[in-house]
Amino acid sequence: MVKNLYIILVLVGLGFMFYTFADGFESADKLNPVAERYAKQGPDEVGAANLVTAVVVTYRGLDTLGEVTILFLSAAIVAFFLKVTYGEEEKRQTRSVSEIMQTAARLLTPAVFLLGIYVFINGHLTPGGGFQGGAIIASGLVLMLLAKPNMKVSHTLIHVVESISGLAFVFIGVLGILYAGGFLDNSLMGMGTLGSLLSAGVIPLIYIFVGLKVGAELSNIVAHLQESQNEA
Amino acid sequence: MIIKIVAIIIGLLIIGLAIYALHAKKLTVAILGAGAVSLLASIMFLLLAAPDVAMTEAAIGSGLSTIIFFYVLNKIRKQNG
């Protein structure tokens, strides 16, 4: 009884807070000064047809580096805390995967990987980018694991891809200090014409590395969880 | 106008599914309910003109986190015997 009273009190309090938000809400009819500057100068300064990418990779490039680092840290912590015993050939007992699932996975997995690569290569032209493409690649790995629950994922490949792309991301940023306007400045390469694949300076290059790194990290988390399923 | 009606329907579905996930007897059903909430939320983001966020939500919220929840649930069941 008392517990229910507390729940109702919390709900009423939350409702009151949100009501004051909703009551005083007025939708803005024009952009704030920062957003206006990005929207006006962005196409000339950065050359990316997708303005979100221009903000995420160039104007706020350091934040993206921080996000990738946080993701790396969480993948490392998952790998650290999960108990995995290598070398034991004891197979996990799973329900047999249906024929339809296996055939569909064989057909769809390459297409899912290709979609992920398309999303991060075209990050400066169409919605999406490195993070989204990497997540799509990792869901391709999940599809493979659903079709073959006892499949072994190569950790060497994941670690090599992750390390090289992380290093290359920072290396491009440092090259920006030496040869362009600052860390992660995108005028390192030619701007190209707005809307073509090879435009927006180094944004396509950075997004390829971010996509590979995010895909490797998320795949690492899923693969570690799959391997530790034998343990209690 | 149609978009508003669709958005309201999706919002009600999200609330309903979230409550269903909280009260489901079986944990697997609750996990699937939470995944469905994420999937509907990604449609909502698309209606609100945020395709980038919608892609992230669809891939991570309803794809990866659901499978991670299932792996963790399996581990917890093994630990409890």
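Computed from a prediction, not measured in an experiment: that's the story for all the values here. (Residues numbered from 1 in each chain as written. Chains lettered and ligands numbered in written order. Predicted model: local features only at pLDDT ≥ 70, side-chain atom pairs only at ≥ 80, totals over all residues.)

Chemist: Could you give an account of the overall build of chain B, with specific residues and numbers?
Modeler: Each helix and strand counted, chain B has three helices and zero strands in total. Listed N to C, the secondary structure of chain B is α-α-α in terms of helices and strands. For a compact globule of 81 residues, the expected C-alpha radius of gyration is about 12 Å, and chain B comes in at 15 Å, more than 25% above that figure. The C-alpha extent of chain B, read off along each of the three principal axes, is 55 × 25 × 10 Å. Counting all 81 residues of chain B, 19% fall into the buried class. In chain B, 40% of the contacts between residues at least 6 apart in sequence involve partners at least 24 apart. (Helix = DSSP H or I, 4+ residues; strand = E, 2+ residues; numbered from the N terminus. Rg over C-alpha atoms; globule rule 2.2 N^0.38 Å. Buried ≥ 20, exposed ≤ 12 C-beta atoms within 10 Å, placed from the backbone. Contact = placed C-beta atoms within 7 Å.)

Chemist: I'd love a proper account of the packing of helix H8 (residues 203-227) of chain A against helix H3 (residues 51-79) of chain B, names of residues and values included.
Modeler: Working note: a packed helix pair is described by the angle between its axes plus the distance between those axes. Remark: H8 of chain A packs on H3 of chain B, axes separated minimally by 10 Å, with the N-to-C direction vectors making an angle of 20°. Between H8 of chain A and H3 of chain B, the angle falls in the class roughly parallel. Judged by the twist between their axes, the crossing of H8 of chain A over H3 of chain B is left-handed. Side by side, H8 of chain A and H3 of chain B meet where Leu 218, Val 222, Leu 225 and Gln 226 of chain A of the first sit next to Leu 64, Ile 67, Ile 68 and Tyr 71 of chain B of the second. Taken together, the residues of the contact of H8 of chain A with H3 of chain B break down into seven nonpolar, one polar and no charged. (Axes fitted to C-alpha atoms, helices over the stretch in contact; angles between N-to-C directions. Parallel < 35°, antiparallel > 145°, perpendicular 65-115°, else oblique. Left-handed = near helix turned anticlockwise from the far one by under 90°. Nonpolar A, V, L, I, M, F, W, Y, C, P; charged D, E, K, R; others polar.)

Chemist: Could you give an account of unusual backbone geometry, naming the residues involved and the relevant values?
Modeler: All names here are of chain B. Despite not being glycine, Ala 49 shows a phi value in the positive range, around 65°. Relative to the elements of secondary structure, Ala 49 occurs in the loop between helix H2 (27-47) and H3. Overall, the presence of 8 C-beta atoms within 10 Å leaves Ala 49 in the exposed class.

Chemist: Please give an account of the confidence of the model for chain B that cites residues and values.
Modeler: All names here are of chain B. Here chain B shows a mean pLDDT of 89. Residues at 70 or above account for 99%. Of all the helices and strands in chain B, H3 carries the lowest mean pLDDT, 87, while H2 carries the highest, 91. The ipTM assigned to the predicted complex is 0.83, against a pTM of 0.81. (pLDDT = per-residue confidence, 0-100.)

Chemist: How would you sum up the environment of Ile 137 of chain A? Please name residues and give values.
Modeler: Residue and element names in this part refer to chain A. One can find Ile 137 in helix H6 (residues 130-147). Considering only alpha carbons, one finds Ile 137 and Leu 212, 75 residues apart in sequence, at a separation of 8.6 Å. Not counting chain neighbours up to four residues away, the residues in contact with Ile 137 comprise Phe 113, Gly 116 and Gly 215.

Chemist: Residues and numbers for the environment of Leu 167 of chain A, please.
Modeler: Relative to the assigned elements, Leu 167 of chain A resides in helix H7 (residues 155-179). Spatially, the C-alpha atoms of Leu 167 of chain A and Ile 203 of chain A are 16 Å apart, while their sequence positions differ by 36 residues.

Chemist: Any details on the nonpolar core? Residues and values, ideally.
Modeler: For soluble globular proteins, the rule of thumb is that nonpolar side chains tend to be buried together. One finds Ala 135, Ala 138, Ile 203, Ile 206, Val 210 and Val 222 of chain A to be the most contacted residues of the largest nonpolar core, which totals 42 residues. When contributions to this core are tallied by element, the ones reaching two or more residues are helix H3 (51-59), helix H4 (61-81), helix H5 (99-121), H6, H7 and H8 of chain A together with H3 of chain B. For Ala 135 of chain A, the residues in contact, after removing those within four places along its chain, are Val 214 and Leu 218 of chain A together with Thr 56, Ala 59, Ile 60 and Leu 64 of chain B. (Core = buried A, V, L, I, M, F, W, Y, C linked by C-beta atoms within 7 Å.)

Chemist: If you had to explain the interface of chain A and chain B to someone new, which residues and values would you point to?
Modeler: Between chain A and chain B, the contact holds 17 residues from the first and 15 residues from the second. Breaking the side of chain A that touches chain B down by element, the ones donating at least two residues are H6 and H8 of chain A. Sort the elements by how many residues they give to the side of chain A that touches chain B and H6 of chain A lands first, with seven residues. Its residues assigned to classes, the side of chain A that touches chain B shows eleven nonpolar, six polar and no charged.

Chemist: Can you lay out helix H2 (residues 33-45) of chain A for me, pointing to particular residues and giving the numbers?
Modeler: Residue and element names in this part refer to chain A. The terminal C-alpha atoms of H2 lie 17 Å apart, and with 13 residues this matches the ideal 18 Å at 1.5 Å per residue to within 8%. Along H2, the helix axis deviates most sharply at Ala 39, where the bend reaches about 30°; the proline Pro 43 sits within four residues downstream. Gly 47 occupies a position one or two residues after H2 and carries a positive phi of about 80°. (Expected span 1.5 Å × (residues − 1). Bend = angle between axes of the 7 residues up to and from the residue.)

Chemist: Could you give me a rundown of the packing of H7 of chain A against H8 of chain A, with the residues and numbers involved?
Modeler: Residues and elements named next belong to chain A. Between H7 and H8, whose axes approach to 8 Å, the crossing angle comes to 145°. Helix-helix and strand crossings are classified by hand; for H7 and H8 the assignment is left-handed. Where H7 approaches H8, its residues Ile 158, Val 161, Glu 162, Ser 165, Gly 166, Ala 168, Phe 169 and Ile 172 are matched on the opposing element by Leu 205, Ile 206, Phe 209, Val 210, Leu 212, Lys 213, Ala 216, Glu 217, Ser 219 and Asn 220. Looking at the contact of H7 with H8 residue by residue, the class counts come to eleven nonpolar, four polar and three charged.

Chemist: A description of H8 of chain A should follow, citing residues and the corresponding values.
Modeler: The end-to-end C-alpha distance of H8 of chain A, which contains 25 residues, comes to 36 Å, matching closely the 36 Å that a straight helix rising 1.5 Å per residue would cover. Burial analysis of H8 of chain A places 22 of its 25 residues in the buried class, the great majority of the element.

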